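Chain residues, written in single-letter form:
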Amino acid sequence: MRRALFLLIVCFAAAANAQIQTINTTRSGGPAGSGVFSFGPRISNYSTDVRETLTPLKTGRQSSFGAVGDYRNGLFVLDFMYDHDPENGISIASLIVDTGNYSRDRGEVAVGFAATPFLDLQGGLRIDSARVGGIAVFNNPVSTDLNIDHQALTAGIRFHTEPRPVGFFVLGRGFIGTAKLDVGTGDLDTDTSGYRGQAGLNIRIGESAWAVQPGYEYDHFETKNYGVRMNTNRFFLNFVYRSGM
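Attention here is on the structure that accompanies the text. As the structure is a computational prediction, the values presented were derived from the model and not from experiment. (Residues numbered from 1 in each chain as written. Predicted model: local features only at pLDDT ≥ 70, side-chain atom pairs only at ≥ 80, totals over all residues. Heavy atoms only, no water.)

**Some details on the pairing of strand β1 (residues 36–51)**
1) Next: As paired strands, β1 and strand β3 (residues 62–73) are joined by 11 bridges and run antiparallel to one another. Each bridged residue has a counterpart across the sheet, and for Pro41 the counterpart in β3 is Ala67.
2) Next: Alignment of β1 against strand β14 (residues 229–242), held across 12 bridges, turns out to be antiparallel. For Ser44, the partnering residue across the bridge sits in β14 and is Phe236.
3) Next: Alignment of β1 against strand β2 (residues 57–58), held across two bridges, turns out to be antiparallel. Paired with Val50 across the strands is Leu57, a residue of β2. (Pairing = 2+ DSSP bridges. Helix = DSSP H or I, 4+ residues; strand = E, 2+ residues; numbered from the N terminus.)

See the structure below:
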């Protein structure tokens, strides 16, 4: 699951680099560009409440990291989000050996169209990989209480304005999917549902192509069977480079 998430990041970064090269060609007198990209890292402070009969857990406030980006070309829109949430804080070492009681990788890719200059209608794919208890070595869980491997279809809307010099964005999406749960007795299959909402500011840094995006997000995940629910609230700060600014 984590490999799939990182593959999405690599593909999106490669596309962003190609777009930046196109913009540079345009500025030097070459052919016209074909859209606007934004891409960059993000950090966040989150708290997750895992509600499950055998392994309830509250993480308290923790730090995490990830990446965000989007692409716009006429009416076509695409955006991407990824978060890695370790319970033991931001550390490259946690990608190798993670000893926290909780970790989660979560990503979404959505495509759609701009119904108006300020409103996007989108749908796409969401994936989650979560662990409660034990440790993980190179993302392989060891002696865990609960593992969740989740895929879902997601759809929703996004309101946004340009950072001139300050804009805002509001996003709401729901999802339905399936998950495999491992509670030490083998894999259990179940349907899932949930939603994600976020709001933030889009603040341009001077006259540069960079912007900062502080905001807040709430994410709810639940299974149809076995009583598993995860509620996450998150304060985030994105740093994004936008072509064409």
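**Re the packing of aromatic side chains**
1) Next: Taken as a whole and assessed by the stated rule, the structure comprises eight aromatic pairs.
2) Next: Summarising the aromatic geometry, the rings of Tyr46 and Tyr102 are spaced 6.3 Å apart at their centres and angled 45° between planes, so their arrangement reads as tilted. Remark: Tyr102 occurs in strand β6 (residues 102–116) and Tyr46 occurs in strand β1; sequence separation between them is 56 residues. Across the pair, Tyr102 and Tyr46 agree in class, each one buried.
3) Next: Taking NZ or CZ as reference, Arg42 lies 4.9 Å from the ring centre of Phe236, over its face. (Phe/Tyr/Trp six-rings, centres within 6.5 Å; stacked < 30°, edge-to-face > 60°. Buried < 20%, exposed > 50% of the residue type's maximum accessible area, 1.4 Å probe, protein only. Lys NZ or Arg CZ within 6 Å of the ring centre and 35° of its normal.)

**Brief notes about unusual backbone geometry**
1) Next: The amide bond that connects Arg164 to the next residue, Pro165, takes the cis arrangement and shows omega of -10°.
2) Next: Tracing the backbone through its elements, the reader meets Pro165 in the loop between β10 (146–160) and β11 (166–182).
3) Next: In this model, Tyr226 sits at a positive phi of 75°, which is unusual for a non-glycine residue.
4) Next: Along the chain, the position of Tyr226 falls in the loop between β13 (210–223) and β14.
5) Next: On the basis of relative accessible area, Tyr226 is assigned to the partly exposed category, the value being 42%.

**Points about the sheet that holds strand β5 (residues 97–98)**
1) Next: A sheet is described by the order of its strands in space; here three strands give the open sequence β5-β8-β9, paired in antiparallel fashion. Looking at strand neighbours, the two that pair on one side only are β5 and β9 (140–142), the edges of this open sheet.
2) Next: In terms of strand pairing, β5 meets strand β8 (residues 135–137) through two bridges, oriented antiparallel. Within the sheet, the bridge partner assigned to Asp98 lies in β8 and is Ala136.

**Let's talk about a nonpolar patch on the surface**
1) Next: A contiguous nonpolar surface patch, about 760 Å² in accessible area, is contributed by Leu75, Phe113, Leu121, Ile157, Phe159, Val166, Phe168, Val170 and Leu201.
2) Next: Listing elements by their share of the nonpolar patch, those giving two or more residues are β10 and β11.
3) Next: Residue contributions to the nonpolar patch peak at three residues, all from β11.
4) Next: Here Leu121 shows up in strand β7 (residues 119–132).
5) Next: Judged by relative accessible area, which is 32%, Leu121 ranks as partly exposed. (Patch = residues over 30% accessible without salt bridge, like charges linked within 9 Å, V, L, I, M, F, W, Y side chains within 5 Å. Areas by Shrake-Rupley, 256 points an atom, 1.4 Å probe, with all protein chains shown as cover. Salt bridge = Lys/Arg side-chain N within 4 Å of Asp/Glu carboxyl O.)

**Structural notes on the environment of Phe239**
1) Next: When you line up the elements, Phe239 lands in strand β14.
2) Next: Taking the C-alpha atoms as reference points, Phe239 and Ile43, 196 residues apart in sequence, are found 8.7 Å from one another.
3) Next: Contact partners of Phe239, with chain neighbours within four places excluded, come to Phe39, Gly40, Pro41, Trp210, Ala211 and Val212. (Contact = heavy atoms within 4.5 Å.)

**Comments concerning the nonpolar core**
1) Next: In this structure, Tyr102, Ile148 and Met230 are the most contacted members of the largest nonpolar core, which totals 15 residues.
2) Next: Contributions of two or more residues to this core are made by β1, β7, β10 and β11.
3) Next: Not counting the four nearest positions on each side in its chain, Ile148 is found in contact with Asp128, Ser129, Ala130, Ala179, Lys180, Leu181, Phe221, Val228 and Met230. (Core = buried A, V, L, I, M, F, W, Y, C linked by side-chain atoms within 4.5 Å.)

**Some remarks on the pairing of β11**
1) Next: Both β10 and β11 contribute to a ladder of 14 bridges, which runs antiparallel. Paired with Ile157 across the two strands is Gly172, which belongs to β11.
2) Next: Here β10 folds back onto β11 in antiparallel fashion, the turn holding five residues.
3) Next: Of the strand pairs in this sheet, β11 and strand β12 (residues 187–204) are connected by 17 bridges, and their pairing is antiparallel. Across the sheet, Ile176 pairs through a bridge with Ser193, a residue of β12.

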